[in-house]
Amino acid sequence: MHEIYKLGHTLAVFMSFFILLLLFFKSTGAFFKSPKRFLFFYFLFFGLFTLLHYCLFIEWHVEVVAVLLGNFDAFYYLLYPLAYLYVRAMLKVKVHFSGYDWFHLLPFAIQLVDMLPYAFTSFAHKVEVAELVKFDVHELVQQQFGFLLSTRFHFYFKLILSSGYIFYSARLYLLHRPERPKNFILHFWIPGFLVLQVLLVLFLVYFFLIVPHLEQYKLTYQGNTPWNYLGLGSYLVFSLSVFYFPEFLYEPYIIEEREAKLKIPHYELSPEKLIEIETKLDLYLEEYKPFLKTSFSLAQLSSALDIPVHHFNFYFRKTQQSNFLEQRMRWRIRYAKELIDAGKDKVHTLEAIGFESGFQSRTTFFVNFKEIVGESPSAYAERKSKL
């Protein structure tokens, strides 16, 4: 079991930094103006946390522990504010920092200043502290890293603060999540992200409040405990979901959701203008099929046809009783049906047809296809083959 837990923990460390690369390189807009920047730094600090835990419990590396333990403690104050800011930015379109938002950084700044004397101690001293922690886990909360506040104080304060951030993040989600169940990020990814925060708090409570009171506790492999399996397993499921549900990497997925929620403006476009928009749109879609690109957005459509975004919003609502997201999904489904009708499913998988049609995942393709057509792609292909 130790080897399985070791492999799982190694994968957890790898996935934290792998998601960092995906978030950075898959960014479709200005990265530091995107909600994903909060998620990027969250996984950066979480990766450091898992790396420290790995080097303490699984594979002892005194040099890594000496660097991370104490020097980076203040950065763990940022985990839950970053999670809260990410959820808020996805739900309320408030990406930029306001004056009050800088208060989220205050506990981090206080501990960072408090830890400066320890940060400037010699590396030999840090190695000595790491060895003490390895010998006795109680040293994690007994060592006085700060010159003003104790490590025990910071732990309890982080616990209270993180619980508060989880509460407000969950409250924000329940208040502002859309009713439509199509958006993977808002209905699956963000709830899973919040559950991960809860499990992390439970793990810290177990590790710092329960474990130190166990008799003859030694800082060695503890993979047989239920909390370790629960924490590690949930994080692996959450992080590995990026391979099956990559939608959260693509900012337009959320931006377009916001565009779709715009209200109908208080003006009317003439019937002639609506016909002009429809003609231009049909010709453009037929010739270029821009919806086959996963990143195709309403802003790109507006730029290509030189028609204002709000005119398109009015057109879709007035003539189609829908919005851009709905129409883009219908264009893709129609194209996928054409491929199946032409017999492409005989030489390509249905999943490949979904990707070719512009969908970002197999699940999104199958769910949307069944919603529009009334049957799954496999059922539709089988029925067509019998005709």
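Structural data are supplied above this passage.
Cut-offs applied
Here the residue index of a chain counts from 1 through its sequence in written order. Under the rules for a predicted model, residues below a pLDDT of 70 receive no local features and side-chain atom pairs below 80 are neither given nor counted, while totals for whole chains, interfaces and linings still include all residues. Where side-chain values are given, they derive from all heavy atoms of the structure, hydrogens and water being excluded. The nonpolar core is taken to be a set of buried Ala, Val, Leu, Ile, Met, Phe, Trp, Tyr and Cys residues, with the residues joined through side-chain atoms within 4.5 Å. Each residue is placed in one exposure class: buried if its accessible area under a 1.4 Å probe, protein chains only, is under 20% of its type's maximum, exposed if it is over 50%, and partly exposed if it falls in between. A run of H or I in DSSP counts as a helix once it spans at least four residues, and a run of E counts as a strand once it spans at least two, with each numbered from the N terminus. Pairing of aromatic side chains requires ring centres within 6.5 Å, counting the rings of Phe and Tyr and the six-membered ring of Trp. Pairs whose planes differ by under 30 degrees are stacked, by over 60 edge-to-face, and all others tilted. Two distance rules govern patches: like charges are joined within 9 Å, and nonpolar side chains (Val, Leu, Ile, Met, Phe, Trp, Tyr) within 5 Å, applied only to residues with over 30% relative accessible area and no salt bridge. Here the open area of atoms and residues is found with the Shrake-Rupley method and a 1.4 Å probe, where only the protein chains shown may cover a residue. The term salt bridge refers to a pairing of a side-chain nitrogen on Lys or Arg with a carboxyl oxygen on Asp or Glu at a separation within 4 Å. Neither His nor the chain ends contribute to the count of charged residues, in which Lys and Arg are positive and Asp and Glu negative. By convention, charge coordinates are those of NZ in Lys, CZ in Arg, CG in Asp, or CD in Glu.

Asks: Which residues make up the nonpolar core, and what values go with them?
Replies: The biggest cluster of nonpolar side chains holds 69 residues, and the ones touching the most others in it are Tyr42, Phe43, Tyr86, Ile190 and Phe193. In terms of residues, this core owes the most to one element, helix H2 (residues 36-58), which gives 15 residues. One finds Leu269, Phe296, Trp331 and Ala336 within the second-largest nonpolar core, a separate group that totals 32 residues.

Asks: Hey, could you go over the packing of aromatic side chains for me, with residue numbers and the actual values?
Replies: All told, the structure shown has 29 aromatic pairs when counted by the stated rule. Geometrically, the ring pair formed by phenylalanine 14 and phenylalanine 18 is stacked, given 5.6 Å between the ring centres and 15° between the ring planes. Here phenylalanine 18 and phenylalanine 14 lie together in helix H1 (residues 2-25), a separation of 4 residues that amounts to about one turn. Judged by relative accessible area, which is 24%, phenylalanine 18 ranks as partly exposed. Ring plane angle 40° and centroid distance 5.6 Å describe the contact between phenylalanine 72 and phenylalanine 75, whose orientation is recorded as tilted. Taken together through their ring pairs, the aromatic side chains of Phe291, Phe296, Phe312, Tyr315, Phe316, Phe324, Trp331 and Tyr335 make up a single cluster.

Asks: Which residues make up a negative patch on the surface, and what values do they have?
Replies: Together, Glu278, Asp282, Glu286 and Glu338 make up a negatively charged patch on the protein surface. The element best represented in the negative patch is helix H13 (residues 271-288), accounting for 3 residues. Note on placement: aspartate 282 falls in helix H13.

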